[in-house]
Amino acid sequence: MDQRGVAWITVAPPLITAVRSAKQYLTYVSAGPFQYAIAEALALPESYFTDFRADMRTKRDVLASGLEEAGLTVYRPSGTYFVTADIRPLGASDGIAFCRALPERAGVVAIPTAVFYDHQDMGAPFVRFAFCKRTGVLEEAAGRLRTLRT
């Protein structure tokens, strides 16, 4: 691993050469200092990661339940800290307009997923909410989101 990126891989030795060959053409930012942080993280006990996963799962469920109670169709993730929701059950179909109005309607913000699509109309009815927050903040947001149903 050179000093231009942060990565690690566990593969058969012949594949390492192939990965290094491809990687040298994919890295454009110097992230060498982050390698020390990653090395520290990889040295943490398994209990840290077990507890972290459980905490994030709880936070995900708090937010997802609040979104469901608000009337949205929710897609619970397995490996990110964003919950995606379909706004069509609330009679909306434009995620950008929905997200612009959401702070005033409920005091909560979301990101329209259409901005991540090549064909924005495909992502138009979906928005995403981050749950990498304190549990109390998520509980408050869930309560505010419930007002969308009325």
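Residues numbered from 1 in each chain as written. Predicted model: local features only at pLDDT ≥ 70, side-chain atom pairs only at ≥ 80, totals over all residues. Heavy atoms only, no water.

Structurally, the position occupied by Lys59 is in helix 3 (residues 46-69). Judged by relative accessible area, Lys59 falls into the buried class, the value being 12%. Taking C-alpha positions, Lys59 is 8.0 Å from Arg134, a pair spaced 75 residues apart along the chain. Setting aside residues no more than four positions away along its own chain, Lys59 makes contact with Phe131, Lys133, Arg134, Thr135 and Leu138. For Lys59, the side chain forms a polar contact with the main-chain oxygen of Lys133, separated by 3.0 Å. (Helix = DSSP H or I, 4+ residues; strand = E, 2+ residues; numbered from the N terminus. Buried < 20%, exposed > 50% of the residue type's maximum accessible area, 1.4 Å probe, protein only. Contact = heavy atoms within 4.5 Å. Polar contact = N/O pair within 3.5 Å; in protein donor to acceptor, adjacent residues only side chain to side chain.)

Within the structure shown, the criterion is met by four aromatic pairs. Each ring, one from Tyr75 and one from Phe126, has its centre 6.2 Å from the other, and the planes form 70 degrees; the classification is edge-to-face. Of the two residues, Tyr75 is situated in strand 1 (residues 73-75) and Phe126 in strand 4 (residues 126-130); the sequence distance between them amounts to 51 residues. A relative accessible area of 43% places Tyr75 in the partly exposed class. Take Phe126: its relative accessible area is 15%, and that puts it in the buried class. An angle of 35 degrees between the planes, with centres 5.0 Å apart, marks the rings of Tyr81 and Phe82 as tilted. Note on Tyr81: relative accessible area 41%, which makes it partly exposed. What makes Phe82 buried here is its relative accessible area of 18%. In textbook terms, an aromatic cluster arises when at least three aromatic residues are bridged by ring pairs, as seen for Tyr48, Phe49 and Phe52. (Phe/Tyr/Trp six-rings, centres within 6.5 Å; stacked < 30°, edge-to-face > 60°.)

This brings us to helix 4 (residues 95-106). Of all the positions in helix 4, only Gly95, Phe98, Cys99, Leu102 and Ala106 are classed as buried. One side of helix 4 carries all its buried residues, which in axial view fall inside an arc of 95 degrees. Facing away from the buried side of helix 4 by more than 90 degrees, the exposed set consists of Arg100 and Glu104. The secondary structure elements touched by the buried residues of helix 4 are strand 3 (111-112), strand 4 and helix 6 (135-145). The N-cap of helix 4, judged by a side-chain oxygen 3.0 Å from the amide nitrogen of Ile96 a few residues on, is Asp94. (Arc of directions from axis to C-beta.)

In this section: helix 6. Those residues of helix 6 not exposed but buried are Leu138, Ala141, Ala142 and Leu145. The buried residues of helix 6 occupy an angular sector of 100 degrees when projected down its axis, which confines them to one face. Residues of helix 6 that are buried sit in contact with helix 3, helix 4 and strand 4.

With that settled, the discussion passes to the environment of Arg134. Within the secondary structure, Arg134 sits in the loop between strand 4 and helix 6. For Arg134, a relative accessible area of 64% gives the class exposed.

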